Amino acid sequence: MSDKKFRNFIIFWLSQSVSQLGSAMTGFALIIWAYKQTNSALTVSLMSFCSYVPYVFVSIFSGPLIDRHKKKTIMVITDLMAALCSLGVLVLYLTGRLRIQDIYLVNFIIGFMDAFQAPAASAAVSIMVPENKYAKASGMDSFTSNLVTVSAPMLASVILAVVGIKGVILADLVTFLFAVLVLTAGVSMKEDAKILREQREPYLTQLRSGFLFLGKNRGLLGIMLSLALMNFFSRLTYENILSPMLIARSGGNSGVYGFVSAVLGIGGIIGGIWVSVGRGFKSNRRMIYLPAAFSFLFGDILMGIGRNVYIWSLAGLAASMPMPFIMAGQRVMLYERVPKDMQGRVFSARNAIQFSTIPIGILLGGILADHVFEPFMASDSPAAKILGTVVGSGRGSGMAVMFLFSGILGFLESLIGYRNKEIRKLERM
């Protein structure tokens, strides 16, 4: 029976991965289009910002609705809204009326929908996957997520060169149609009707119960808060300044950034395969914090002190390979400890907490690089000269210092999380 359930999950996983590929291709194509219109990196940052802000805010309130309704229905509706957004962009582009502001609005709507879709999909996994295969399912998800990260820009670039942006959006719509057809007709998601009927508490009471559950389970809350800090560090550097730093430090060679980005994705793919074949840790606490410490220590710090594409690529592998382990460790802990009738609320609360730091990191990273660290490293300060012996000098050295600091602080934060007494109690429960 468990093998049959897992085969059902595999169908769901494959169809959703195809849809993610289409969405990622459209996202990449729109970034290219927007940057060509404005020649501004801030424009690209604001595109991400406009999707994360509604995602975080709406996640605070979406949990009870997810627990009260069928997860498959929620996913179909949210996918449909995302497809309508892509269709709207296509119509505006073909009529010559597409503006940057339209993309901001589309990203805002998609972020709003993702606040329902993501926790619904997470809760659906616990319905379809046997308990002994939670880590395997998480590894598979990480594998395809990173595969999409690597392949979407390449596929989108080919389609852009041959057909243009309209071809990319049409491909996205085809992948959406495929995913929805498979989800509605080919995926069995047997939710307990009794549990759904019993979700009759007042909305605000249910909303509060998700956060109260975390308040009583301080170990789970501690994991979320520590991962929120990790998200802040990663968005402060990788999301914002990796590309300008590598381009600046390689003499303007954009190909170096493209290569290192591909290595980052490949590292995530390797880590996802590793987790999915059962090569994880016996302790979920260790599976979260030891890989995180490794990623910060050997990923961020190497990225900062590196001076050539070989060191940067090695840093990319060290940074990205541990990510699937971190995700799997947390998911298994949540699936094992959160009742199925509360998973929508708790996963939504988790998303609101963990991802609340991402918009801050996205905006702050570029500001710190341009107005604090780059001018500092260009000064005659004794501290700048000392740091220059570690990371080098010239354009990009200030951003390299940011990687150095994020690596040190992230490593220390990972060790603190690993030693946290409330988190350690989870392994004795």
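Before reading on, note that the structure itself is shown above.
Residues numbered from 1 in each chain as written. Predicted model: local features only at pLDDT ≥ 70, side-chain atom pairs only at ≥ 80, totals over all residues. Heavy atoms only, no water.

1. So, the packing of helix H3 (residues 71–94) against helix H6 (residues 165–186)
The contact between H3 and H6 brings their axes to 10 Å, and the two run at 165 degrees. By the angle between their axes, H3 is roughly antiparallel relative to H6. The interaxial crossing formed by H3 with H6 has left-handed handedness. Of H6, the residues touching H3 (which contributes Lys72, Met75, Val76, Asp79, Leu80, Ala83, Ser86, Leu87, Val89, Leu90, Tyr93 and Leu94) are Ile165, Lys166, Ile169, Leu170, Asp172, Leu173, Phe176, Val180, Leu183 and Thr184. Classifying every residue of the contact of H3 with H6 by side-chain character gives 16 nonpolar, two polar and four charged. (Axes fitted to C-alpha atoms, helices over the stretch in contact; angles between N-to-C directions. Helix = DSSP H or I, 4+ residues; strand = E, 2+ residues; numbered from the N terminus. Parallel < 35°, antiparallel > 145°, perpendicular 65-115°, else oblique. Left-handed = near helix turned anticlockwise from the far one by under 90°. Contact = heavy atoms within 4.5 Å. Nonpolar A, V, L, I, M, F, W, Y, C, P; charged D, E, K, R; others polar.)

2. Details of the packing of helix H9 (residues 218–237) against helix H12 (residues 284–305)
Close contact between H9 and H12 brings their axes to 12 Å; oriented N to C, the two are set at 20 degrees. Of the possible angle classes, the one that applies to H9 and H12 is roughly parallel. Regarding H9 and H12, the two cross each other, and that crossing is left-handed. Mapping the contact onto sequence places Gly222, Ile223, Ser226, Leu227, Met230, Phe233 and Thr237 in H9 and Ile288, Tyr289, Ala292, Phe296 and Asp300 in H12. Within the contact of H9 with H12, the residues separate by chemical class into eight nonpolar, three polar and one charged.

3. Points about the packing of aromatic side chains
For the structure shown, the criterion picks out 13 aromatic pairs. Measuring from ring centre to ring centre gives 5.5 Å for Phe6 and Phe9, while their planes differ by 35 degrees; the resulting arrangement is tilted. Of this pair, Phe6 and Phe9 both sit in helix H1 (residues 2–38), separated by three residues, roughly a single helical turn. Under the relative-accessibility criterion, Phe9 is labelled buried at 3%. An aromatic cluster is present here, built from Phe6, Phe9 and Phe12 joined pairwise through their rings. Positioned above the aromatic ring of Phe6, the side-chain terminus of Lys133 is 4.8 Å from the ring centre. Arg285 extends its terminal NZ or CZ atom over the ring of Tyr418, reaching a point 4.2 Å from the ring centre. (Phe/Tyr/Trp six-rings, centres within 6.5 Å; stacked < 30°, edge-to-face > 60°. Buried < 20%, exposed > 50% of the residue type's maximum accessible area, 1.4 Å probe, protein only. Lys NZ or Arg CZ within 6 Å of the ring centre and 35° of its normal.)

4. Let's talk about the pattern of salt bridges
Per the stated rule, a full pass over the model turns up five salt bridges. Ionic pairing is found between Arg331 and Asp141, a salt bridge with its closest N-O pair at 3.1 Å. One end of the pair, Arg331, is in helix H14 (residues 323–337); the other, Asp141, is in helix H5 (residues 134–162), and 190 residues separate them in sequence. Given a relative accessible area of 18%, Arg331 falls into the buried group. Asp141 sits in the partly exposed class, given a relative accessible area of 22%. As a salt-bridge pair, Glu336 and Arg337 come within 3.4 Å of each other at their nearest N and O atoms. The class of Glu336 is partly exposed, set by a relative accessible area of 48%. (Salt bridge = Lys/Arg side-chain N within 4 Å of Asp/Glu carboxyl O.)

5. A word on a nonpolar patch on the surface
A contiguous nonpolar surface patch, about 490 Å² in accessible area, is contributed by Ile77, Leu80, Met81, Leu84, Leu87 and Val91. With respect to the helices, strands and loops of the structure, Met81 is situated in helix H3. Owing to a relative accessible area of 31%, Met81 belongs among the partly exposed residues under this scheme. (Patch = residues over 30% accessible without salt bridge, like charges linked within 9 Å, V, L, I, M, F, W, Y side chains within 5 Å. Areas by Shrake-Rupley, 256 points an atom, 1.4 Å probe, with all protein chains shown as cover.)

6. Things to note about the nonpolar core
Core analysis: the biggest nonpolar cluster contains 81 residues, and Phe9 and Met189 have the highest contact counts within it. Residues within four places of Met189 in sequence aside, it is in contact with Phe12, Lys71, Lys72, Met75, Ala124, Ile127, Met128 and Leu183. (Core = buried A, V, L, I, M, F, W, Y, C linked by side-chain atoms within 4.5 Å.)

7. Describing helix H8 (residues 203–216)
In this model, H8 (14 residues) spans 20 Å end to end at C-alpha, consistent with the 20 Å of a helix rising 1.5 Å per residue. Bending of H8 peaks at approximately 25 degrees at the position of Gly210. Taken as a whole, H8 has its buried residues at Gln206, Leu207, Ser209, Gly210, Phe213 and Leu214. (Expected span 1.5 Å × (residues − 1). Bend = angle between axes of the 7 residues up to and from the residue.)

8. Quick notes on the state of the cysteines
In protein structure, a disulfide is the covalent linkage between the sulfur atoms of two cysteines. Throughout the structure, instances matching the rule amount to zero disulfides. Left without a disulfide partner, Cys50 is nearest to the cysteine sulfur of Cys85, which lies 13 Å away. A relative accessible area of 18% places Cys50 in the buried class. Residue Cys85 is classed as buried on the basis of its relative accessible area, which comes to 9%. (Disulfide = S-S within 2.5 Å.)

9. What about the environment of Gly271?
Examined against the element boundaries, Gly271 turns out to sit in helix H11 (residues 254–276). Considered as a pair, Gly271 and Met321 are 50 residues apart in the sequence and their alpha carbons are 4.5 Å apart. With sequence-adjacent residues up to four places away left out, Gly271 is seen in contact with Met321, Pro324 and Phe325.

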